[in-house]
Amino acid sequence: MFKHFGPILIASIFLSIWVTAADINDRFREEEIIPDIIDDIALELQPINIAYPSSGVSVNLGNELRPSQVRVQPEVTWEADIGAFYTLLMSDPDAPSRDNPIRREVRHWLTMNINGTDINSGDTIFNYIGSGPPVTTGLHRYVFLLFKQESNNLNYDLVNGSVSIIDTSTRILINEFNLTLVGGNFFLAQFEGVAGLVNDKFRDEEIVPDILDALTVELQKLNVTYHSSGVGVDLGNVLTPSQVTDEPEITWEAQPDSFYTILMTDPDAPSRQAPTLREYRHWLVMNVNGTDLSSGDIIFPYMGSGPPEGTSLHRYVFLVLRQANGSLDYEMDDETLNRANTNTRSLISQFNLTLVGGDFFQAEYEGSAGTATINILMLSVFVFMNICVVFGIV
């Protein structure tokens, strides 16, 4: 239950000892979680132990944590009754700000039908999304709530559950499923100021100018998480190809009623030293309504990293671009329909796109059986394209 905690285990033990049920109720009232998202309650709530092993921090009744510290799904434990089933919710009532919460609440995590404390046994309705307060919106409250279920087989879809993560209501969730609140915790977070870091890292690692022109606005840092392997993308961190085989979850601060294009590209094909096939397009989705990737048109399905042997580190760059003309009725030309020898600048110009956010990781040849097929395929594409160039076919 407490695997990989190390010092976090000690912190969790002390939290259980020193944080009492009365503390939780009082803190919920002081920080106006009561009444902003839940009604006042007579039952004294138990503390939920929430630890982020990836960053070595834990949640403690309103402590401030940075968005970069809470990007990966935490480990959560509580005192469960034998044979009981639970619902776990994480909610931000301060969208877009605490002073003007017109989009209250944003649902950051929802898992139902949890058997005891085994979160993996539950049904995940909304995957975990870390905090991401917009700039100048002050501190946000990120509230974890634990509910005991009367039934062990709640069906979210059958009770007209919303598929949106914004404009949600904890009170409605409680009433629809007859949930009993038994535990809670929360932390505070504000904009981390990482937008400037994205621009700086793009320049440091020569993403500007390799695929982008000079940046004139500060870019958002995207939240890119590979839930299947439990890793996140973080401005050039090194990830193995086996960690990024499955399509990631990607979120950002979207403007209302806006459409976006999502791009993942490798400018280092076949290598950074000799990028004769720059760029290789790993993922392209257009007409994404807000942050709902499932609403978009998939031009190229996601393909994980697969650097050929001996080509050293490749940069894998994620870009979010706002579509100035709304939903696009696009026609792809021959260049745009290729994965290899593509050009981000041309894509931006052709569809009148505005860059709003980015992130990237690095990867090199892994040599495992799981990535051998991808590596061979990528190398075959590179060789074929070079032959075509030599003989004037393309």
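Residues numbered from 1 in each chain as written. Predicted model: local features only at pLDDT ≥ 70, side-chain atom pairs only at ≥ 80, totals over all residues. Heavy atoms only, no water.

It is not clear to me how the overall build of the chain should be interpreted in this structure. Could you clarify?
In terms of helices and strands, the chain carries eight helices and 20 strands. Going through the 394 residues of the chain one by one, you find that 50% of them count as buried. Taking the intrachain contacts of the chain between residues at least 6 apart in sequence as the baseline, contacts between residues at least 24 apart amount to 74%. Total accessible area on the chain stands at roughly 17600 Å², and carbon and sulfur atoms take up 51% of it. (Helix = DSSP H or I, 4+ residues; strand = E, 2+ residues; numbered from the N terminus. Buried < 20%, exposed > 50% of the residue type's maximum accessible area, 1.4 Å probe, protein only. Contact = heavy atoms within 4.5 Å. Areas by Shrake-Rupley, 256 points an atom, 1.4 Å probe, with all protein chains shown as cover.)

Would you mind going over the sheet that holds strand β5 (residues 75-77) with me for this structure?
Sheets are built from strands paired through backbone hydrogen bonds, the pairs being either parallel or antiparallel. With respect to topology, three strands assemble into an open sheet ordered β3-β2-β5, the strand pairing being antiparallel. Every interior strand has two partners, whereas the edge strands, β3 (57-58) and β5, have only one. Of the pairings in the sheet, the one linking strand β2 (residues 49-52) to β5 comprises three bridges and is antiparallel in character. By the bridge assignment for β5, alanine 51 is matched with glutamate 75. (Pairing = 2+ DSSP bridges.)

Could you clarify how one ought to interpret the side chain of serine 97 in this entry?
Relative to the helices and strands, serine 97 resides in the loop between β6 (85-92) and β7 (106-115). Ignoring anything within four residues of it in the chain, the contact list for serine 97 reads Thr137 and His140.

What am I meant to see in the sheet that holds strand β13 (residues 231-232) here?
The antiparallel open sheet is built from three strands, whose spatial order is β13-β12-β15. Edge positions in the open sheet fall to β13 and β15 (249-251), since each of these has one partner strand only. Across two bridges, the pairing between strand β12 (residues 223-226) and β13 is antiparallel. Directly across from threonine 225, in β13, lies its bridge partner glycine 232.

When you look at the environment of threonine 170 in this model, what are you seeing that I'm missing?
With respect to the secondary-structure elements, threonine 170 resides in helix α4 (residues 170-177). Residue class for threonine 170 comes out buried when judged on its relative accessible area of 0%. Separated by 79 residues in sequence, threonine 170 and serine 91 place their C-alpha atoms 8.2 Å apart. In this view, threonine 170 contacts Ile37, Ile38, Leu89, Ser91, Glu105, Arg107, Leu145 and Phe147; residues no more than four positions away in its chain are not counted.

I would appreciate a short explanation of the nonpolar core in the present structure.
Within soluble globular proteins, side chains that are nonpolar generally end up buried alongside one another. In terms of nonpolar packing, the biggest core is built from 24 residues, with Phe28, Ile38 and Leu145 touching the most fellow members. Those elements that provide at least two residues to this core are α2 (21-30), α3 (33-36), β7, β9 (140-148), α4 and β10 (180-189). In this structure, isoleucine 38 is in contact with Phe28, Ile33, Leu145, Thr170, Arg171, Ile174 and Leu181, ignoring residues within four places of it in sequence. (Core = buried A, V, L, I, M, F, W, Y, C linked by side-chain atoms within 4.5 Å.)

What exactly am I supposed to notice about the pattern of salt bridges here?
Two side chains bearing opposite charge may form a pair once their charged atoms approach each other closely. Applying the stated criterion to the full structure yields 21 salt bridges. For aspartate 210, the salt bridge is made with arginine 315, and the minimal N-O distance between the two is 2.8 Å. With aspartate 210 in helix α6 (residues 207-210) and arginine 315 in strand β19 (residues 314-323), the pair connects residues that are 105 residues apart, well separated along the chain. Two residues, arginine 315 and aspartate 268, come together in a salt bridge whose shortest N-O distance is 2.6 Å. Linking arginine 315 in strand β19 with aspartate 268 in the loop between β16 (259-266) and β17 (280-289), this pair joins segments that are 47 residues apart in sequence. Judged on exposure class, the residue arginine 315 and its partner aspartate 268 are both buried. (Salt bridge = Lys/Arg side-chain N within 4 Å of Asp/Glu carboxyl O.)

Just checking my understanding: could you explain unusual backbone geometry for this structure?
Excluding glycine, residues mostly carry a negative phi; peptide bonds, for their part, are mostly trans. In this model, arginine 104 is joined to glutamate 105 through a cis peptide bond whose omega is -5°. Looking at the secondary structure, you find glutamate 105 in the loop between β6 and β7. With omega at 20°, the peptide bond leading from valine 208 into proline 209 counts as cis. With a phi angle near 55°, asparagine 341 is a residue other than glycine that sits in the positive phi range. For asparagine 341, the position within the fold is in the loop between β19 and α7 (344-351). A relative accessible area of 25% means that asparagine 341 is categorised as partly exposed. Positive phi values are uncommon outside glycine, yet asparagine 352 reaches one of about 55°. Relative to the elements of secondary structure, asparagine 352 occurs in the loop between α7 and β20 (353-363). Asparagine 352 gets classed as partly exposed once you look at its relative accessible area, which sits at 39%.

Looking at this structure, I do not really get the pairing of β6. What am I missing?
Where a strand is regular, its side chains alternate between the two sheet faces. Burial analysis of β6 places eight of its eight residues in the buried class, which makes it a mostly covered element. Burial of β6 is two-sided: the residues Phe85, Thr87, Leu89 and Ser91 facing one way and the residues Tyr86, Leu88, Met90 and Asp92 facing the other way are all buried. Across seven bridges, the pairing between β6 and β7 is antiparallel. Bridging across to β7, aspartate 92 finds its partner in valine 106. Sheet topology places β6 next to β9; six bridges connect them, and they run antiparallel. Paired with leucine 88 across the bridge in β9 is leucine 146.

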